[in-house]
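Tertiary structure, described
Chain residues, written in single-letter form:
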Amino acid sequence: MSTAAPRPTGQDHLWSVDEHLEDILATVRPLEPIELQLPDAQGCVLVEDVTVPVSLPPFDNSSMDGYAVRVADVAGASEEFPAVLEVVGDVAAGQAADLLHVGPGQAARIMTGAPLPPGAEAVVPVEWTDGGLGEGPVDGMRARSLAPEQASGHVRVHRPAEARAHVRAKGSDVKAGDRALEAGTVLGPPQIALLAAIGRGMVRVRPRPRVVVLSTGSELVQPGEELRSGQIYDSNSFALTAAARDAGAIAYRVGAVADDAETLRSTIEDQLVRADLVVTTGGVSVGAYDVVKEALSYVGDEDEAGSGIDFRRLAMQPGKPQGFGSIGPDHTPLLALPGNPVSSYVSFELFVRPAIRTLMGLEDVHRPTTRAKLTADKALTSPRGRRQFLRATYADGTVRPVGGAGSHLIAALAHADALIVVPEDVESVEPGTEVEVVLLG
């Protein structure tokens, strides 16, 4: 984490959404690259291009179980007048290609993936032959020793084959010297498979960020426990931990912390050893028990000016109260989000997700946006001077709000796959109006 530009201060300063996000992204820096083995690199971002050291496939090989033949020997073959060829041996996958040679009037039994032997020009599938049984066409290869000297007899071929038929050419996938993957690629299962196929056991990547999520509030109870009067279940820590993992992070959920500043401070300090980013939810408003604000307002790094946590008000709905800064000896970034479930989740999408993607080293850190026609039963209203984000469902160029505007209405959030964005200077949006939409899924 590096020092950002001096931040505006004072309770009267109202930050815009863009100012707050710009401050975060100007401060958070990509994690340092490390070398990882392939199983550990999944979900990480490559920091350098990967070139192909050996062509794929590395040799001509068969795409079918069948017989490797010369084209001239099977020209004009039919079931009535089959080409009768001497079987000179077997070629199995993993076997050297030059153990036998296919000459005029000869064939070699060949298995899928096995190298094409010298002299052979094509492969005829076993279903085009009698399988060496001296009868009609067969539907599969009969068992036989893989030792070439034990494969003998003759095979009748009932169909002709063109040159290179059923042969995978050397380098037909990628050629030696080609660029296999570009820097900036997120390594998923197909990319891991390609790296393994070209012989790369280690890759240089930026690691997945480690994100610690804490929720605060003495009223919070963990799911599965009994609710007592005045208590609610802790949903925020589960939602934000899942969201952090969805963004590409390794996320650790810490159980709800009671409204005690010293307990919260010590809990966060204990978690810093495994955190590249800390996310808290709750306790950032102006109430008497806003414990995050109380615990972290005066926490700073003595050796770095401008560090510590700055609590601010944003011109947005939901999610007006926010906090951002650094904490601990390594200046670990910390984002403090509101406690209302919808405010918390919307704030995550707008601010925490881009921070995680920045730590990963990705260039595009934002959710995709589009324009869509508003479908609604009545006009949408929005407070002037605030950018409003409304939960919605998007399909086929249209978007419809779900649930109300209340920041506590979490049920509707489960059905939303988009956010409608209402600009600060707009107080009403009529049905049929084209609006900006953030796509969440």
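Residues numbered from 1 in each chain as written. Predicted model: local features only at pLDDT ≥ 70, side-chain atom pairs only at ≥ 80, totals over all residues. Heavy atoms only, no water.

- For the protein, an unreviewed UniProt entry supplies the name Molybdopterin molybdenumtransferase and the organism Streptomyces aurantiogriseus.
- Its UniProt record gives the protein the following Catalytic activity (unreviewed entry) comment, quoted word for word: "adenylyl-molybdopterin + molybdate = Mo-molybdopterin + AMP + H(+)".
- Under Pathway (unreviewed entry), UniProt gives the following word-for-word description of the protein: "Cofactor biosynthesis; molybdopterin biosynthesis." (UniProt positions renumbered as here; feature names shortened; annotations may be inferred.)

**Remarks on the overall build of the protein**
- Looking only at helices and strands, the protein features 9 helices and 29 strands.
- Carbon and sulfur atoms form 50% of the exposed surface of the protein, whose accessible area is close to 20,600 Å². (Helix = DSSP H or I, 4+ residues; strand = E, 2+ residues; numbered from the N terminus. Areas by Shrake-Rupley, 256 points an atom, 1.4 Å probe, with all protein chains shown as cover.)

**Notes on helix H8 (residues 341–360)**
- Of all the bends in H8, the largest measures some 45° and sits at Phe-348.
- Just downstream of H8, Gly-361 is the residue with a positive phi angle, here 90°. (Bend = angle between axes of the 7 residues up to and from the residue.)

**Focus: the packing of helix H1 (residues 17–27) against H8**
- Put simply, H1 and H8 touch, their axes get as near as 10 Å, and they point 25° apart. Judged by the inter-axis angle, H1 sits roughly parallel to H8. Seen along the crossing, H1 lies across H8 with a hand that is right-handed. In this structure, H1 uses Val-17, His-20, Leu-21, Ile-24 and Leu-25 to contact H8, whose residues at the interface are Leu-350, Phe-351, Pro-354, Ala-355 and Thr-358. (Axes fitted to C-alpha atoms, helices over the stretch in contact; angles between N-to-C directions. Parallel < 35°, antiparallel > 145°, perpendicular 65-115°, else oblique. Left-handed = near helix turned anticlockwise from the far one by under 90°. Contact = heavy atoms within 4.5 Å.)

**Description of the sheet that holds strand E2 (residues 34–37)**
- Sheet architecture is open: 3 strands sit in the order E2-E13-E3, paired in antiparallel fashion. Either end of the sheet is taken by a strand with one partner, and the two such strands are E2 and strand E3 (45–46).
- Two strands pair when backbone bridges link them, and E2 and strand E13 (residues 202–206) are joined in this way by 4 bridges, in the antiparallel orientation. Along E13, the bridge assignment pairs Ile-34 with Val-205. (Pairing = 2+ DSSP bridges.)

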